[in-house]
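# Summary of structural features
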Amino acid sequence: MIILSNSKQEATTDAVLTASLKDQQEKGPDLRQMHTKSHGLVWGEFIVEKDISENLKVGIFAKPKTYPIWVRFSNASPPEKRGKLKSDQEPDVRAIAIKLMEVEGEKVLNDEEKTQDFIFINHPVFFIRDAQGYIDLGKAGSGQATPELLQSLQPTFALLQEMSSKEVVNPIDVQYWSTTPYKLGSYAIKFSVKPQLKDETQGSKSDSDNYLRETLVQCLTNDQKEVKLDFLVQLYVDDEKTPIEDPMKEWEESNSPFIKVATIKIPSQQFDFEERKRLDESLSFSPWHTLPEHEPLGSLNLARKKIYQELAQYRHEYVQKRLIEPQPYTSIQDEPQ
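Keep in mind that this is a model prediction, so the values were computed, not measured.

With that out of the way, let us pick up the overall build of the protein. Of regular secondary structure, the protein possesses 7 helices and 9 strands. With respect to the three principal axes, the spread of C-alpha positions in the protein is 55 × 50 × 40 Å. Looking at the protein as a whole, 51% of its 337 residues are labelled buried. A total accessible area of about 16600 Å² is found for the protein, and carbon and sulfur atoms account for 50% of it. Here the protein carries 42 positive and 54 negative side-chain charges, and the mean point of each set is 1 Å from the other.

Turning our attention to the pattern of salt bridges. All told, the structure shown has 14 salt bridges when counted by the stated rule. Here E45 and K265 are joined by a salt bridge, their closest N and O atoms 3.4 Å apart. With E45 in strand β1 (residues 38-48) and K265 in strand β9 (residues 259-266), this pair connects stretches of sequence that are 220 residues apart. Of the residues examined, K265 reaches a relative accessible area of 23% and is grouped as partly exposed. In this structure, K277 engages D272 in a salt bridge whose closest nitrogen and oxygen atoms are separated by 3.5 Å. A network of salt bridges, in which partner residues are shared, links R213, D272, E274 and K277.

Moving on, we come to the pairing of strand β8 (residues 227-235). When you tally the buried positions in β8, you get 8 out of 9 residues, the bulk of the element. Pairing of strand β7 (residues 187-195) with β8, which is carried by 7 bridges, proceeds in the antiparallel orientation. Each bridged residue has a counterpart across the sheet, and for K194 the counterpart in β8 is D230. With 7 bridges joining them, β8 and β9 adopt antiparallel strand pairing.

Where empty space is left becomes clear once a probe the size of a water molecule has been rolled over the atoms. With the rule as written, the count across this model stands at 1 cavity of 30 Å³ or more. Put simply, the largest cavity is a space of about 40 Å³. Every residue lining the largest cavity is listed: R129, T180, P181, I244, E245, P247, L297, G298, S299, L300 and N301. Here the residues of the lining of the largest cavity are counted per class, giving 5 nonpolar, 4 polar and 2 charged.

This next bit is on the nonpolar core. Core analysis: the biggest nonpolar cluster contains 52 residues, and F46, F61 and F231 have the highest contact counts within it. Among the elements that line this core, the one with the most residues is helix α5 (residues 211-222), at 6 residues. Excluding anything up to four places from it in sequence, F46 contacts I60, F61, K65, T66, Y67, I69, L100, F231, A262, T263 and I264. Of all hydrophobic cores here, the second largest spans 13 residues; its members include V93, V125, L137 and L300.

The exposure class of E45 is partly exposed, given its relative accessible area of 28%. Taking the C-alpha atoms as reference points, E45 and Q309, 264 residues apart in sequence, are found 26 Å from one another. Once residues within four sequence positions are removed from consideration, E45 is found in contact with T66, Y67, I69, T263, I264 and K265.

This part takes up helix α6 (residues 274-282). Each full turn of the α-helix corresponds to 3.6 residues, which orients residues three or four apart in the same direction. What α6 keeps buried is the set R276, L279, D280 and S282. Buried residues of α6 fall within an arc of 165° about the axis and therefore sit on the same side.

Considering the arrangement of structural elements, one finds T115 in the loop between β3 (94-100) and β4 (116-121). Given the relative accessible area of 8%, T115 is considered buried. For T115, the side chain forms a polar contact with the side chain of E112, separated by 2.6 Å. Once you skip the residues sitting within four places of it in the chain, T115 turns out to touch K99, L100, M101, V103, K107 and H289.

Turning our eyes to something else, we now look at the packing of aromatic side chains. For the structure on display, the rule yields 11 aromatic pairs. Centre to centre, the rings of F118 and F191 are 4.8 Å apart; their planes meet at 70°, and the pair counts as edge-to-face. Here the residue F118 occupies a position in strand β4, and F191 occupies one in strand β7, the gap between them amounting to 73 residues. Accessibility expressed as a relative area gives 2% for F191, which makes it buried. Connected via pairs of aromatic rings, a cluster forms that spans F46, F61, F118, F120, Y182, F191 and F231. Seen from the ring of F285, K99 lies directly overhead, with NZ or CZ sitting 4.9 Å from the centre. It is R304 that lies over the ring of F126; its NZ or CZ is 5.3 Å from the centre.

Let us look at helix α4 (residues 154-164). Of all the residues in α4, the buried ones are T156, L159, M163 and S164. Buried residues of α4, seen end-on, are gathered within an arc of 115° and therefore sit on one face of the element. Those residues of α4 that are buried are in contact with β4 and α2 (132-141).

This next bit is on the side chain of S38. Looking at where S38 falls in the secondary structure, it is placed in strand β1. Setting aside residues no more than four positions away along its own chain, S38 makes contact with R72, F73, S74, R213 and D280.

Reading guide: rules and limits
- Residues numbered from 1 in each chain as written.
- Predicted model: local features only at pLDDT ≥ 70, side-chain atom pairs only at ≥ 80, totals over all residues.
- Heavy atoms only, no water.
- Helix = DSSP H or I, 4+ residues; strand = E, 2+ residues; numbered from the N terminus.
- Buried < 20%, exposed > 50% of the residue type's maximum accessible area, 1.4 Å probe, protein only.
- Areas by Shrake-Rupley, 256 points an atom, 1.4 Å probe, with all protein chains shown as cover.
- Lys, Arg positive; Asp, Glu negative; His and termini not counted.
- Charge placed at Lys NZ, Arg CZ, Asp CG, Glu CD.
- Salt bridge = Lys/Arg side-chain N within 4 Å of Asp/Glu carboxyl O.
- Pairing = 2+ DSSP bridges.
- 1 Å grid on protein atoms, 1.4 Å probe; cavity = no way out; pocket = protein on both sides within 12 Å on 5 of 7 lines; lining within 4 Å.
- Points joined across faces, edges and corners; volume = space filled by probe spheres on them.
- Nonpolar A, V, L, I, M, F, W, Y, C, P; charged D, E, K, R; others polar.
- Core = buried A, V, L, I, M, F, W, Y, C linked by side-chain atoms within 4.5 Å.
- Contact = heavy atoms within 4.5 Å.
- Arc of directions from axis to C-beta.
- Polar contact = N/O pair within 3.5 Å; in protein donor to acceptor, adjacent residues only side chain to side chain.
- Phe/Tyr/Trp six-rings, centres within 6.5 Å; stacked < 30°, edge-to-face > 60°.
- Lys NZ or Arg CZ within 6 Å of the ring centre and 35° of its normal.

Structural data, given as structure tokens:
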């Protein structure tokens, strides 16, 4: 049973990877296959709380410490076609990815020695349960799905509609969730990032196709605001209330309250310039860039391990062949001003 299950997981993962590589090759080998459109890559600090309970002092949370970080805001969609990204005016899922720097210790993957990544979207649940869901959605999109499959996908379609219909005026003013579970030492948890203060004076979105980047520029550069976000965790309770293998089910706060373990501080800064944009494109974010203490859990995350790594490797190799990849900065301090 276990061997067959592992074999099926590997076969499904390979099928998703093959389809993703084909899509990447057709729409832009030098681009991310998902989360292509960036609203900005900004630097900041990840400040671990001093008064974390002893049972949660694991991995990067083991002691009070401040890590330099990169934070990338993006839309979740892939490129529509070569050279064309989706307008911010169209419904989409918004995302945030965080890369901690100067993280000591052996990592699960060996392609980045001193980083720890966290990825989030602006919805508490994911739209599929496992990697097979990607294949089923692909069949529906190409008109190959049976009536029975289409019926089984109705919860996914409903979630996609709900996720993409949220209006986001400023990407730093919304809450984000990991949607899938992770380890925190011997615990299973989910992560969330929530703004400490919401900007109630931000008004409504503009008519620009790139209004989310423009809003970030206005906030962090023109208005010179400093932004603080709470980094939160939820603890696993049981398989019914907080399932590991069903990211489509929300871990309700009433069952598992959020616990603050760190503060993210993003100072006012300039970021809308070419060197930063090139750095943005050179970075790869993966939940498997991690200490073992924060290893991803569940079959969907297991599929991501191979898919994310090989898509990023293909993208970077393509760029290197064309001699357009910048030298990556080893720390925030190395970046030219």
